[in-house]
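An overview of the molecular structure
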Amino acid sequence: MTFFHFGNCVALAYVPYVIVYKCSGLAEYSAFWKCVQAGGAYLFTQLCKMLLLATFFPATETASGGLDITGEFLKSTVDIADLVGLHIVMSKFAGKGQLKFMIAGMGWATAELIVTRFLPLWMGARGVEFDWKYIQMSFDSNISLIHHISVAMLVWMYSRSDLQKSSLPVVVTLLGLACYRPLIVEILMQAVGLGSWMLLLAKAGFTSIVALISLQMYLSIPSQGSNSYY
């Protein structure tokens, strides 16, 4: 039973990443090592964020169960570094726009999966007692994959010179929501009192909306289907 539970968690967490890599065309372009490089950029970016938080935004004491909105806002503001990191990664790769943001988003999401969820799944899901939180963690990793690819797509579109001016405020707004998503989640947990499954559903709904809007704007770019390079 323990092995079956662990196997299900691993399959739910990692198999979608393999499917996306195979079906998105990345495998045809032999983009594996580029994804690894993007993952390395993710690790470097997180290190820079940790240094910024430790230097300029030291932790403050809050009441037990309380929410430090100011602190969480500042922490989420530092997540803008992720957007800068994604932009730098995509600027280093030559190729079509789809290939660029897929490499960046895939590498970013995979690195986050390994860093934040590998050990909890390995240590926790192999426990004697079944716990739904590891299944939820696996589903959350799939949501993060869509989230990071969508954010990478938005960053790429923001850098485009042929993006419609009417779409620019939408792109900026969606990027802002992506950066402050952790704060929004914390507020929902504290104010609305969402349960773990409802919170996961809310994340999935939010990410799906952002992804669909991003995809629609991407398809509206005239040169997105051409062979021109960014």
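Quick caveat, the model's predicted, so the values are computed rather than measured.

A few words on the pattern of salt bridges. Enumeration according to the criterion identifies five salt bridges in this entry. Between Asp82 and Lys49 there is a salt bridge, with its nearest N and O atoms 2.8 Å apart. One end of the pair, Asp82, is in helix α4 (residues 80–92); the other, Lys49, is in helix α2 (residues 32–56), and 33 residues separate them in sequence. The pair Asp82 / Lys49 is uniform in exposure class, with both members buried. Put simply, Lys203 and Asp140 hold a salt bridge, and the shortest N to O gap is 3.6 Å. Residue Lys203 is found in helix α9 (residues 196–220), and its partner Asp140 is found in helix α6 (residues 132–158); the two are separated by 63 residues along the sequence.

Formed by 47 residues in total, the largest nonpolar core has its most connected members in Leu26, Leu86, Phe101, Leu154 and Met157. Tallying contributions element by element places α6 first for this core, with twelve residues. Aside from chain neighbours lying at most four places away, what touches Leu26 is Tyr21, Ala31, Cys35, Leu99, Met102, Ile103 and Met106.

Another point: the layout of surface pockets. Estimates place the volume of the largest pocket at around 1,000 Å³. Along the wall of the largest pocket there are 35 residues; nearest its centre are Glu112, Arg117, Arg181, Pro182 and Lys203. Among the secondary structure elements, those contributing two or more residues to the lining of the largest pocket are α2, α3 (69–78), α4, α5 (97–124), α6, α7 (168–179), α8 (181–192) and α9. Counting residues per element, the lining of the largest pocket draws most heavily on α6, which supplies eight residues. For the lining of the largest pocket, the per-class residue count stands at 15 nonpolar, eight polar and twelve charged. Estimates place the volume of the second largest pocket at around 320 Å³. Taken together, 15 residues make up the lining of the second largest pocket; nearest its centre are Phe32, Cys35, Val36, Thr110 and Ile114. Secondary-structure elements contributing two or more residues to the lining of the second largest pocket are α1 (2–23), α2 and α5. No other element matches the six residues that α5 contributes to the lining of the second largest pocket.

Attention now goes to the side chain of Glu112. In this structure, Glu112 sits in helix α5. Look past the residues within four positions of Glu112 in its chain and what remains in contact with it is Tyr42, Arg117, Ser144 and His148.

As for its placement among the helices and strands, Phe73 is situated in helix α3. For Phe73, a relative accessible area of 40% gives the class partly exposed. In this structure the C-alpha to C-alpha distance between Phe73 and Pro182, which are 109 residues apart in sequence, comes to 9.0 Å.

Time to look at a nonpolar patch on the surface. A grouping of Leu43, Ile114, Val115, Phe118 and Leu119 is seen on the molecular surface, where their side chains present a nonpolar patch of about 470 Å² in accessible area. Looking at the nonpolar patch, the element that brings in the most residues is α5, giving four residues. The residue Phe118 is located in helix α5 in this model. Judged by relative accessible area, which is 38%, Phe118 ranks as partly exposed.

For the coordinates displayed, the defined rule picks out six aromatic pairs. For the ring pair Phe101 and Tyr218, a centre distance of 5.3 Å and an interplane angle of 90° mean the geometry is edge-to-face. Placement of the pair is Phe101 in helix α5 and Tyr218 in helix α9, with a sequence separation of 117 residues. An aromatic cluster of at least three residues, connected via ring pairs, comprises Phe101, Trp156 and Tyr218.

Rules behind the numbers
- Counting starts from 1 at the beginning of each chain's written sequence and moves along it residue by residue.
- Confidence filtering applies because this is a predicted model: local features only for residues at pLDDT of at least 70, side-chain atom pairs given and counted only at 80 or more, and all residues used for totals across whole chains, interfaces and linings.
- The basis for every side-chain value is the complete set of non-hydrogen atoms in the structure, without hydrogens or water.
- Only one rule defines a salt bridge in this text: a Lys or Arg side-chain nitrogen within 4 Å of an Asp or Glu carboxyl oxygen.
- Note on conventions: DSSP H or I runs of at least 4 residues are helices, E runs of at least 2 residues are strands, and numbering of each starts at the N terminus.
- Partly exposed describes any residue whose relative accessible area lies between the buried limit of under 20% and the exposed limit of over 50%, with all areas from a 1.4 Å probe on protein chains only and scaled to the type maximum.
- What makes a nonpolar core is a set of buried Ala, Val, Leu, Ile, Met, Phe, Trp, Tyr and Cys residues whose side-chain atoms join them at distances within 4.5 Å.
- We call two residues in contact whenever any of their non-hydrogen atoms come within 4.5 Å of each other.
- Definitions used throughout: a 1 Å grid over protein atoms alone; a cavity as a set of points that fits a 1.4 Å probe which cannot get out; a pocket as an open set with protein on both sides within 12 Å along at least five of seven lines; a lining residue as one with an atom within 4 Å of a point.
- Grid points are joined across faces, edges and corners, and a volume is the space filled by probe spheres set on the points.
- Just so you know the grouping, Ala, Val, Leu, Ile, Met, Phe, Trp, Tyr, Cys and Pro go in nonpolar, Asp, Glu, Lys and Arg go in charged, and all remaining residues, Gly too, go in polar.
- The patch calculation keeps residues exceeding 30% relative accessible area without a salt bridge and links them within 9 Å when they carry like charges or within 5 Å when they are nonpolar (Val, Leu, Ile, Met, Phe, Trp, Tyr).
- Only the protein chains shown count as cover for residues, and all accessible areas are computed by the Shrake-Rupley method using a 1.4 Å probe.
- In summary, the pairing rule links any two rings of Phe, Tyr or Trp, Trp by its six-membered ring, whose centres are within 6.5 Å, and it sorts them by plane angle into stacked for under 30 degrees, edge-to-face for over 60 and tilted for everything else.

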